[in-house]
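Take a look at the letters that make up each chain.
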Amino acid sequence: MLSLFEAMATPHPLDRYLELVDPMATVRDLRAEVVDVRRPTSDSVTLTLRPTRQWRGHRAGQFVQIGVVIDGVRHTRCFSPAGIEGGSTIELTVKAHEGGLVSDHLHRHGEVGLVVTLSQADGEFALPMPRPPSVLLISGGSGITPVMSMLRTLVAERYEGSVTLLHYADSAEAVPYLDELRALAADHADVKVVLAYTHSEDGDLRGRFGPEHLDAAAPLHAQAQTYLCGPAALMGPVRDLYDSRGLTHRLHTEEFAPTLASADGDADGTVAFAASGIRSENAGTSLLEQAESAGLTPDYGCRMGICFTCTTVKTSGCVRNLRTGELDSDPDKPIQLCVNAAVGDVTLDL
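To keep things clear, this report deals only with the structure shown in the data block. (Residues numbered from 1 in each chain as written. Predicted model: local features only at pLDDT ≥ 70, side-chain atom pairs only at ≥ 80, totals over all residues. Heavy atoms only, no water.)

### Quick look at helix 4 (residues 144-156)
The periodicity of an α-helix, 3.6 residues per turn, causes residues three or four positions apart to be oriented the same way. As a reminder, the rule being used: Counting from the N terminus, the helices are DSSP H or I runs at least four residues long and the strands are E runs at least two residues long. In a helix, the anticipated span is given by 1.5 Å times the number of residues less one. Residue burial is assigned from relative accessible area. The probe radius is 1.4 Å, only protein chains are included, and a residue is buried under 20% of its type maximum, exposed over 50%, and partly exposed in between. Pairs of residues are marked as contacts when any of their non-hydrogen atoms sit within 4.5 Å.
Along its 13 residues, helix 4 runs 18 Å from first to last C-alpha, staying within 8% of the 18 Å computed at 1.5 Å per residue. Among the 13 residues of helix 4, 11 are classified as buried, and the element is accordingly described as predominantly covered. Within helix 4, burial applies to Ile144, Thr145, Pro146, Val147, Met148, Ser149, Met150, Leu151, Arg152, Thr153 and Leu154. Its buried side turned inward, helix 4 meets strand 5 (90-95), strand 7 (134-140), strand 8 (162-169), helix 5 (178-187), strand 9 (191-197) and strand 11 (225-230).

### Details of the environment of Val194
Among the structural elements, Val194 can be located in strand 9. By relative accessible area, Val194 is classed as buried at 7%. A C-alpha to C-alpha distance of 7.6 Å links Val194 and Thr164, two positions 30 residues apart in sequence. Beyond its immediate chain neighbours, meaning those up to four positions away, Val194 contacts Leu165, Leu166, His167, Asp204, Leu205 and Ala217.

### What to know about unusual backbone geometry
For the bond from Met129 to Pro130, the omega torsion is -5 degrees, close enough to zero to count as cis. Tracing the sequence through the fold places Pro130 in the loop between strand 6 (115-118) and strand 7. Non-glycine residue Arg158 carries a positive phi angle of around 55 degrees. Here Arg158 shows up in the loop between helix 4 and strand 8.

### Describing the sheet that holds strand 11
Put simply, the rule reads: Any two strands are treated as partners once DSSP identifies two or more bridges connecting them. The angle between two axes is taken between their N-to-C directions and runs from 0 to 180 degrees, where each axis is a line fitted to C-alpha atoms and a helix contributes only its stretch in contact.
Taken together, the six strands give an open sheet; going across it, the order is 10-9-8-7-11-12, and neighbouring strands pair in parallel fashion. Sheet topology places strand 10 (205-206) and strand 12 (251-255) at the edges, where each strand pairs with a single neighbour. Relative to strand 12, strand 11 is paired through five bridges, and the arrangement is parallel. For Tyr227, the partnering residue across the bridge sits in strand 12 and is His252. Along the sheet, helix 5 contacts strand 8 and strand 9; its crossing angle with strand 9, the most-contacted strand, is approximately 140 degrees.

### Regarding the pattern of salt bridges
Selection rule: What counts as a salt bridge is simple: a side-chain nitrogen of Lys or Arg found within 4 Å of a carboxyl oxygen of Asp or Glu.
The tally for this structure, following the rule as stated, stands at 12 salt bridges. Here Arg50 ties to Glu33 by a salt bridge, and the two come within 2.5 Å at their closest N and O atoms. One end of the pair, Arg50, is in strand 2 (residues 44-51); the other, Glu33, is in strand 1 (residues 31-41), with 17 residues separating them in the sequence. One salt bridge in this structure joins Lys95 and Asp43, with 4.0 Å as the shortest N-O distance.

### Points about the sheet that holds strand 3 (residues 64-70)
By way of backbone hydrogen bonds, the strands of a sheet pair with one another, either parallel or antiparallel. An order of 4-3-6-1-2-5 is seen for the six strands of this open sheet, with the pairing classed as antiparallel. Two strands lie at the open edges of the sheet, namely strand 4 (73-79) and strand 5, each paired on one side alone. With direction set aside, neighbouring strand axes in the sheet form an average angle of 40 degrees. Where strand 3 lies against strand 6, two bridges are found, and the strand directions are antiparallel. Paired with Ile66 across the bridge in strand 6 is Leu118.

### A word on the side chain of Gln62
Quick reminder of the rule: Side-chain atoms alone can form a polar contact between residues adjacent in sequence; in general such a contact is a pair of N or O atoms within 3.5 Å, and within protein one must be able to donate a hydrogen while the other accepts it.
Note that Gln62 resides in the loop between strand 2 and strand 3. Classification of Gln62 by relative accessible area gives buried; the value is 10%. Here Gly123 takes part through its backbone oxygen, which lies 3.0 Å from a polar atom of the side chain of Gln62. In contact with Gln62, other than residues within four places in its own chain, are Ser80, Pro81, Ala121, Asp122, Gly123, Phe125 and Ala126.

Spelled out as structure tokens, the structure:
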């Protein structure tokens, strides 16, 4: 019966007509409505979303894709829910930053009643089952959101192991969940919160991450499972230290900003968008950027190689992965446009 109604609604899906009556009325599409807004710091906003019935919940640490319409164009980005695993609502804390089109829009215009598109939760950065005997959470800046979900979930489950959160920020004013973190540490003997401030003297630790910080915050880190999320300036040193101590197998990571290399040498060749009949000189930037510069509007989400929304078939040519530096010259190969650059002539089925 549903298929019959959808056929009658051609040329548009049934949900396109329903949203004209009620943006939250949907048959297949997953959407969410903002039901609460807080601004915990000067540059962040916390949104509580009520998803439609299709929502299947999230595991603590995973991400979702949020879509908003800006100047008539829908833009999608990835954000990590900060709420308890399995909750009926979704809490997102979004930090505005220079060049962040969607994050800045949500920070300025996020209000009760705003309806956004939503994906099901995804990602391997998540608390495992059964829970590990002890957990160390390390975060910096916006990276606090997935580990906040982990911390809240463990507390709600009456987790019997020890959990430590080591969080990096410029100062106390830049920590979105400061009061809650202090309360959790005060109310639960097995919860330890260590705040490291890089531009203030009143933190538990001062400056950037180093061996002395890890040893002070979590002396038993070698026995814990560690979950790390933050900027490259934090994640690189943590990875290096864990590698040097033979603890790589205990470190689990999620990056909220891409670490991309530049294409080697001078860019040459031509990028051909076969389905569109467009050709452009190779600029050496990501293929997603080159497609957009050529006037195309390919689907994308995270722009950092996580969500696979921009995956397109490369019919011929060689590309370099901007995260790993690896070359791929196999024909008829699906690639992620946002993290690949052309090496010479490349043809895409786009």
